[in-house]
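# Close look at the chain arrangement
Below are the chains, spelled out letter by letter.
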Amino acid sequence: MTSVLDGVGVSPGRGAGVVVTMPAPVPEPAAATLGPDADVEAAVAAIDDAVRSVQADLAARAARATGTAVEVLTVTAAMAADTTLAKESARKVRDERTTPERAVWEAAGDLAARLESLGGMMAERAGDVRDVRERIVAALTGRRAPGVPDLDHPFVLVATDLAPADTATLDPARVLAIVTSGGGPTSHTAILARSLGIPAVVAAPQASELADGETVLVDGSQGTIERDPSPEDVARVLDRPRGPRAFDGQGRTADGVRVQLLANVADPAGAEAAVAAGAEGVGLFRTEFCFLGRTEEPGLDEQVAAYRAVLSAFGGRKVVVRTLDAGADKPLPFVTADDEPNPALGVRGLRTAVRHPEVLTRQLDAIAQAASAEEADVWVMAPMVATPDEAQEFAAACRERGLATAGVMIEVPAAAIQSRWVLEQVDFASIGTNDLTQYTMAADRETADLAALSTPWQPAVLSLVGAACAGGSEHGRPVGVCGEAAADPALAPVLVGLGVTSLSMTPRALGDVAAVLAATTSEQCVELARIAVAAPTASAARDAVRAQLPVLEELGL
């Protein structure tokens, strides 16, 4: 008999097929010590070898990946290379004669617990640490490393959650849909599922009830998992064409109002994917890719070369470059402290320039040199801006270097509320809905129990988007969205109705968003925005908007 499980839909579309569950994790090693004749230094060397092997494997995966997956895998590889874990493991072997695998297990467990105690986005890194731990222990004990099953038939993947390294290498031709009992709307699983076009539902508490071999129908838009669906429903889902929907390179509403549809890019490979998908430009160029995993800041010439590799793909088109967004879940030893009590509310983004102005100065110099050498229309924005004074100082620093179009990210509710003053100082703004949602709802985006709060469909969040757009309109400044909300085809018309002038997303989502906007007039967008903001809850807002957009059903979204 058909039954339906509920979760949080994070990647639109429908997928149907047989369930395959993730294999059991690497078991916890026994609490054992080395024998009296054991070579302690050889045991320490074994840990070092295993760490290097895991780091090399993750780095190789990053080299093969594209887009968002590159950044995710690079961060995980950097976690494997973190000397804190290796040093503490070695200390346990030398001082307590703990076996190498047990030493790594305990040291990583302690580190993960410390990260979780910090809360916010630092708690997100705890999952990375445990993933790295399992890989190192597997290398030490000769076990198969954790990972997605490699099967010769398509399937629906069910797991508690997916490690970044697993999610980043999923094959959309094999994985029809993803269901997890953990995670949230902006978790690695959600972000990468969207980038790959795989329907996904997270934070589904009853996902653990699903058994290998049973057939389910997953609706990544509605957030439902239908057990034992009818053969006819399964056939309808499987008969729909898979792959990204075509985009003609010009976003517009049904009545011809232009809405720039841009791509989020993290590296040169991502730039190529964006061009291939027809993106009108880049709404978010994440520059962290040349900083992450390093103990020292990259030099000026290296940065110039890295930025040019992306800018060269967009001659004559807009590229919005975000300056270094270090801190919180992306700590970098040359700009961030390792003892902040609450990093998510600490020194991150533009705030790192207070103690380390030279890092921002060099980056702006590098961006300016790269911009002058290429034909792209380069805009520059700073993350984590909260006040008009911060906006003014950043804009002045940009203009000193000939970077004529300076803007800010609106991720802090204060910046949205005070946007009339913030946008008086700069040329544009881009709303980062992931952080704006987290800070507005006081909900850690990685906590499954809070997943219902961690959605940009929250009317409070949409009200802040509207406030930011109103501030931009007052000064004739464009306001875009570059957070994950921009990739939601149902939410895109609402954002446009609130006054958003551009949407930047994973390249895979461009065709879907364009198709929905092309079927919706600007007047309808305004009405949908009114409906969403007036709703009492996020689910009520989403349901009310979807009821007014029959095109979503027609497109299978």
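Higher on the page you've got the structure.
Residues numbered from 1 in each chain as written. Predicted model: local features only at pLDDT ≥ 70, side-chain atom pairs only at ≥ 80, totals over all residues. Heavy atoms only, no water.

### As for the packing of aromatic side chains
We apply this condition: In this scheme Phe, Tyr and Trp rings, the latter by its six-membered ring, pair at centre separations within 6.5 Å, and the angle between planes marks the pair as stacked below 30 degrees, edge-to-face above 60, and tilted otherwise. Numbering goes from the N terminus for both helices and strands, where a helix is a DSSP run of H or I of at least four residues and a strand is a run of E of at least two. For every residue, the accessible area obtained with a 1.4 Å probe (protein chains only) is divided by the maximum for its type, and the residue is called buried under 20%, exposed over 50%, and partly exposed between those limits.
Counted by the stated rule, this structure contains 2 aromatic pairs. With a centroid separation of 6.1 Å and 85° between ring planes, the pair formed by phenylalanine 285 and tyrosine 307 is classed as edge-to-face. Separated by 22 residues along the polypeptide, phenylalanine 285 in strand E10 (residues 281-286) and tyrosine 307 in helix H10 (residues 300-311) bring together distant segments of the chain. Each member of the pair, phenylalanine 285 together with tyrosine 307, is buried. Ring geometry for tryptophan 379 versus phenylalanine 428: centroids 4.8 Å apart, planes at 55°, classification tilted. With tryptophan 379 in strand E12 (residues 377-382) and phenylalanine 428 in strand E14 (residues 428-431), this residue pair connects regions lying 49 residues apart in the sequence. On the basis of relative accessibility, which here comes to 15%, the residue tryptophan 379 falls in the buried class.

### Looking at helix H19 (residues 522-534)
Short version of the rule: Working rule for helices: expected span equals 1.5 Å times residues minus one. Note: the arc covers the axis-to-C-beta directions of the helix. The criterion used for residue contact is that any of the two residues' heavy atoms lie within 4.5 Å.
Over its 13 residues, H19 extends 19 Å from the first C-alpha to the last, a length consistent with the 18 Å expected when each residue adds 1.5 Å. Regarding H19, the residues found buried are Cys525, Leu528, Ala529, Ile531 and Ala532. In an axial view of H19, the angular spread of the buried residues amounts to 165°, which keeps them on one side of the axis. In H19, those exposed residues whose orientation departs by more than 90 degrees from the buried face are Glu523 and Ala534. If you follow the buried residues of H19, they end up packed against helix H16 (459-474), helix H17 (492-498) and helix H20 (538-547).

### A closer look at the side chain of glutamate 484
Filter applied, for reference: For this analysis, a polar contact is any N or O atom pair within 3.5 Å, provided that within protein one partner can donate a hydrogen and the other can accept it, and provided that sequence-adjacent residues contribute only side-chain to side-chain pairs.
Its place among the elements puts glutamate 484 in the loop between strand E15 (479-481) and H17. At 2.8 Å, the side chain of glutamate 484 and the side chain of arginine 194 are in polar contact. Sequence-distant contacts of glutamate 484, defined by excluding residues within four places in its chain, comprise Ile191, Arg194, Arg286, Thr433 and Asn434.

### Some remarks on the pattern of salt bridges
Inclusion rule: Every case where a carboxyl oxygen of Asp or Glu lies within 4 Å of a side-chain nitrogen of Lys or Arg is listed as a salt bridge.
By the definition in use, this model includes 24 salt bridges. A salt bridge links glutamate 96 to arginine 91; the shortest N-O distance between them is 3.2 Å. The exposure class assigned to glutamate 96 is partly exposed, which follows from its relative accessible area of 37%. On the accessibility criterion, arginine 91 (31% relative accessible area) is partly exposed. With a closest N to O distance of 3.5 Å, glutamate 400 and arginine 401 form a salt bridge. On the accessibility criterion, glutamate 400 (64% relative accessible area) is exposed. When salt bridges that share partners are traced, they join Glu28, Lys92, Arg102 and Glu106 into one network.

### Quick notes on the nonpolar core
This is how the line gets drawn: What is meant by a nonpolar core is a set of buried Ala, Val, Leu, Ile, Met, Phe, Trp, Tyr and Cys residues, joined one to another through side-chain atoms within 4.5 Å.
Of all hydrophobic cores here, the largest spans 92 residues; its most connected members are Leu261, Tyr307, Leu364, Val494, Leu495, Leu503 and Met505. With 8 residues, the single largest contributor to this core is helix H11 (residues 357-373). Look past the residues within four positions of leucine 261 in its chain and what remains in contact with it is Phe247, Gly251, Ala279, Glu280, Gly281, Leu503, Met505, Leu510, Val513, Ala514 and Leu517. With 30 residues, the next largest nonpolar core counts Val26, Leu34, Val54 and Val129 among its residues.

### Focus on the sheet that holds strand E6 (residues 200-202)
Quick note on the threshold: Pairing between two strands requires that DSSP report at least two bridges joining them. Comment: axis = line fitted to C-alpha atoms, over the contacting stretch for helices; angle = value between 0 and 180 degrees taken between N-to-C directions.
Strand order across the open sheet formed by 8 strands is E1-E8-E7-E3-E4-E5-E6-E2, with mixed pairing between neighbours. Of all strands in the sheet, those with a lone pairing partner are strand E1 (3-6) and strand E2 (8-11), marking the two edges. Across the sheet, the mean angle separating the axes of adjacent strands is 30° when strand polarity is ignored. Alignment of strand E3 (residues 14-21) against strand E4 (residues 155-159), held across 3 bridges, turns out to be parallel. Following the sheet pairing, valine 20 is matched in E4 by leucine 157. In the packing of helix H7 (residues 188-196) onto the sheet, the strands contacted are E2, strand E5 (175-180) and E6, and the crossing angle to E2 comes to about 45°. With respect to the sheet, helix H8 (residues 231-239) is in contact with E3, strand E7 (215-219) and strand E8 (224-227), its orientation differing from that of E3 by roughly 105°.

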